[in-house]
Amino acid sequence: MLNSSFTSFFATLAFINTALSLPVTDLLPPPVKRADTTPRLIQYVQTFHPADDEDAHLSILPLLNKDTGITHVILAALHINGPDGNITLNDENPNATTFDRTWEEAATLQQNGVKVMVMMGGAATGSYDGRLCSTNGRSIQDAYYLPLVSTLKYRNVDGIDLDIEEPVALSCAQNLIRRIRQDFGKDFIITMAPVASDLPAGGSGLSGFSYSRLERSRAGKLVNWYNGQYYSGFVQGSLEESYQAGVANGFKPERVVLGVLDSSNDGSGYVSLSDVKETIENLKEDYRKFGGVDGWEYFDAGADEWLSKPWQWTKQIGKALFGKTEKRDVQVRERKLHTPKLPGGVAALMAKGHDQITAARALRMAKGDEVEAERMLKEGS
Ligand SMILES: *[C@@H]1O[C@H](CO)[C@@H](O)[C@H](O)[C@H]1NC(C)=O
Ligand SMILES: *[C@@H]1O[C@H](CO)[C@@H](O)[C@H](O)[C@H]1NC(C)=O
């Protein structure tokens, strides 16, 4: 039932139902929250097949038909490996048959108002510096860029999330944003995925440029919003303080999404579901236009919470985001802040005299390998 004929299945039911003059709404997928308003509920999806079975397919349809409140799904991760269309979604061509069902389901989500985007870059570096951008960042290289354009258009995605985790010039980010906006038009969604420490004043992270400078520039106005990575040791203090420090530095709350791990298996710095829900309450209380939450990543979401299906985590976050906040007396409520545990590797490098963000950066670049991270720090200094 939940395959490509999903939509026509519902259409048929709706027809039969109308004939019987029963309320149609019971059978249609639940209405989707408007994707162009805040808060947003975003789910990253990188694993398309359960690990134990390459032929099995992990459906993203429950994000729609279980009434999670999802507004955006971001498929990850696209990589530019070489010129002439050497592009992969994880390890394979995005046109490979292995992704056929995912693209079909993505279209169903889109037909029902959910925006489907792709993330490009991430922990596997190489797509930006010297490929999409010339090494000085001054120009976009068509040999790498044009095949990206044709792939995004062919796949009919609603937007791209630029997750730059390699040092590039500010002009690389600016030129790329301008070019994408020019080629895809004003309705195409362009987001970026800075780490939490990029947003406060004087902040830095993995991209090598200042996000404050980007945000204040004209190209910054072309970015729809930022999916901040509030994990991996990049959160300074509590989630609330880290988010507020970005807002204080000029990133409007409606332009910052709180990105969290939805499973401790997906990285370091996991925060429990109940703590994330309280953080949401706190940030909703602070900001009328809180930007929303994203979860990285789908297949094992909620595994730490004994939830048996990943969409259940998303749905719980949706309830906290879209539910009515109980009128609470701020005078009497004791406000609790939620500080992610520092990843062990970050703490160990800090004990050796490195500051938190330097340690977190080295650890991410070393893909979590503490010994390698320390070697990189030694070489760098
Ligand atoms: C694609 O790029 C990778 C990484 O640079 C390279 O190893 C591979 O040979 C390229 N494939 C083709 C068909 O050019
Ligand atoms: C995917 O297929 C479309 C349509 O044939 C093509 O334009 C695009 O370049 C292809 N993408 C890749 C990465 O091969």
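Predicted model only: the values in this text are computed from it and were never measured. (Residues numbered from 1 in each chain as written. Chains lettered and ligands numbered in written order. Predicted model: local features only at pLDDT ≥ 70, side-chain atom pairs only at ≥ 80, totals over all residues. Heavy atoms only, no water.)

Enquirer: Would you explain the overall build of the chain in this entry?
Expert: Counting its regular elements, the chain contains 12 helices and 9 strands. Relative to its 381 residues, the chain shows a buried fraction of 53%. Working note: accessible area of the chain is about 17100 Å², and carbon and sulfur atoms make up 51% of it. (Helix = DSSP H or I, 4+ residues; strand = E, 2+ residues; numbered from the N terminus. Buried < 20%, exposed > 50% of the residue type's maximum accessible area, 1.4 Å probe, protein only. Areas by Shrake-Rupley, 256 points an atom, 1.4 Å probe, with all protein chains shown as cover.)

Enquirer: What should I look at first to understand the side chain of asparagine 90 in this one?
Expert: Within the secondary structure, asparagine 90 is located in the loop between strand E3 (86–89) and helix H3 (100–111). Owing to a relative accessible area of 17%, asparagine 90 belongs among the buried residues under this scheme. Not counting residues within four places of it along the chain, the set of residues in contact with asparagine 90 comprises Gln46, Phe48, Ala76, Ala77 and His79. (Contact = heavy atoms within 4.5 Å.)

Enquirer: Honestly, the site of ligand 1 in this entry has me stumped. Any pointers?
Expert: The local shell around ligand 1 consists of Asn81, Asn86 and Arg131. Asparagine 81 is positioned with one of its backbone polar atoms (N or O) 3.0 Å from an oxygen atom of ligand 1. Asparagine 86 has a polar side-chain atom sitting 2.4 Å from an oxygen atom of ligand 1. The fraction of the free accessible surface of ligand 1 (360 Å²) that becomes covered by protein chains is 25%. (Near = heavy atom within 4 Å. Polar contact = N/O pair within 3.5 Å; in protein donor to acceptor, adjacent residues only side chain to side chain.)

Enquirer: Help me understand the pattern of salt bridges, please; the structure alone is not making it clear to me.
Expert: Opposite charge on two side chains lets them pair, provided their charged atoms get close. Applying the stated rule across the entire model yields 14 salt bridges. Residue lysine 186 is joined to aspartate 187 by a salt bridge in which the shortest nitrogen-to-oxygen separation is 3.4 Å. For aspartate 187, a relative accessible area of 64% corresponds to the exposed category. The salt bridge partner of glutamate 278 is lysine 336, with a shortest N-O separation of 3.6 Å. Remark: lysine 336 occurs in the loop between helix H9 (310–322) and helix H10 (344–351) and glutamate 278 occurs in helix H8 (residues 273–286); sequence separation between them is 58 residues. Several salt bridges converge on common partners, so that one network encompasses Asp142, Arg179 and Asp183. (Salt bridge = Lys/Arg side-chain N within 4 Å of Asp/Glu carboxyl O.)

Enquirer: It is not clear to me how the site of ligand 2 should be interpreted in this structure. Could you clarify?
Expert: In the vicinity of ligand 2, the contacting residues are Gly85, Ile87, Asn93, Asn95, Ser150, Thr151 and Tyr154. Interatomic distance of 3.0 Å between a side-chain N/O atom of asparagine 93 and an oxygen atom of ligand 2. In this structure, an oxygen atom belonging to ligand 2 sits 3.2 Å away from a side-chain N or O atom of serine 150. For ligand 2, whose accessible area on its own is 360 Å², the fraction buried by protein is 65%. If you tally residues by element for the shell around ligand 2, the top one is helix H4 (residues 142–154), at 3 residues. In terms of residue class, the shell around ligand 2 is built from 2 nonpolar, 5 polar and no charged. (Nonpolar A, V, L, I, M, F, W, Y, C, P; charged D, E, K, R; others polar.)

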